[in-house]
Amino acid sequence: MPAWMPQGERDRWAGEMRRRLQRRMERARPSDERLDHRAQALNARHFGGRLHWTSIGFADMARRWGSCTFTVGAIRIATRATTLPDWVLDYLLVHELAHLEHSDHGPAFKELEDRYPLSERARGYLMALDHATTEPAVD
Ligand SMILES: [Zn+2]
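Here's what I pulled together on the structure shown here. All figures in this text were calculated on a predicted structure; none of them were measured in a lab. Throughout, a residue's number is its position along its own chain's written sequence, starting from 1. Local features in this predicted model are restricted to residues of pLDDT 70 or higher, and side-chain atom pairs are both shown and tallied only at a pLDDT of 80 or more, whereas totals for entire chains, interfaces and linings draw on every residue. Note: side-chain values were computed over all heavy atoms of the structure, leaving out hydrogens and water.

## Some remarks on the nonpolar core
Note that soluble globular proteins tend to have their nonpolar side chains buried in a common cluster.
So, point 1. Nonpolar cores were defined as sets of buried Ala, Val, Leu, Ile, Met, Phe, Trp, Tyr and Cys residues, with membership established by side-chain atoms within 4.5 Å. Each residue is placed in one exposure class: buried if its accessible area under a 1.4 Å probe, protein chains only, is under 20% of its type's maximum, exposed if it is over 50%, and partly exposed if it falls in between. Ile-77, Leu-92 and Leu-97 are the most contacted members of the largest nonpolar core, which totals 30 residues.
So, point 2. A run of H or I in DSSP becomes a helix once it reaches four residues, and a run of E becomes a strand once it reaches two; helices and strands are each numbered from the N terminus. Broken down by secondary-structure element, the contributors of at least two residues to this core are helix 2 (32-47), strand 1 (55-59), strand 3 (74-78), helix 3 (86-98), helix 4 (107-113) and helix 5 (119-129).
So, point 3. At 8 residues, the largest contribution of residues to this core is made by helix 3.
So, point 4. Non-local contacts of Ile-77, meaning those with residues more than four positions away in its chain, are made with Leu-35, Gly-57, Phe-58, Ala-59, Met-61, Trp-65, Gly-66, Leu-89, Leu-92, Leu-93 and Glu-96. By the convention used here, residues are in contact when the closest approach between their heavy atoms is within 4.5 Å.

Okay, here's the thing in structure tokens:
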């Protein structure tokens, strides 16, 4: 910061730099709050807002894209999913949200999952990423 800059100008500039840095950090960090907002929107749009969970957030998972602890209503999405397009991330959320009502992958579960119109396409997308396996590793 140039020394000739008036104090008021310096403060304003420092504040601006701080805000920019803050925004950059927020974009880089997987935000559990952002995930919760997306889940709430999907819940309202596809499930009439009837689903309830106790916690939702990102977690480090090496092999899977998501998990749902059915009994306590805890949803976790793999941290590496933050690099996926939003519509694929939404599919992962819908999949785990559907597990709040059905722990298996039976027909009733599929009916819930397919309420999200891009489910089929997202499964294909994940399958291509996980090309070593035949099924996308969503639990
Ligand atoms: Zn599953």
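Next comes the rest of the description.
## Quick notes on the pairing of strand 2 (residues 66-69)
So, point 1. Should DSSP find at least two bridges between two strands, the strands are taken to pair. As defined by bridge partners, strand 2 adjoins strand 3 across 4 bridges and the pair is classed as antiparallel. Paired with Thr-69 across the two strands is Ala-74, which belongs to strand 3.
So, point 2. Counted between consecutive antiparallel strands, the loop separating strand 2 from strand 3 contains 4 residues, among which Gly-73 sits at a positive phi close to 75 degrees.

## Let's talk about the coordination of the zinc ion
So, point 1. The rule for donors is simple: N, O or S, within 2.8 Å of the metal, or within 3.2 Å if the metal is Na, K or Ca. Water isn't counted, so a site may look like it is missing partners. Donor atoms from the polypeptide that bind the zinc ion are His-95 (NE2), His-99 (NE2) and His-105 (NE2), placed at 2.0 Å.
So, point 2. Accessibility expressed as a relative area gives 4% for His-99, which makes it buried.

Coordinates in, geometry out; function isn't part of it.
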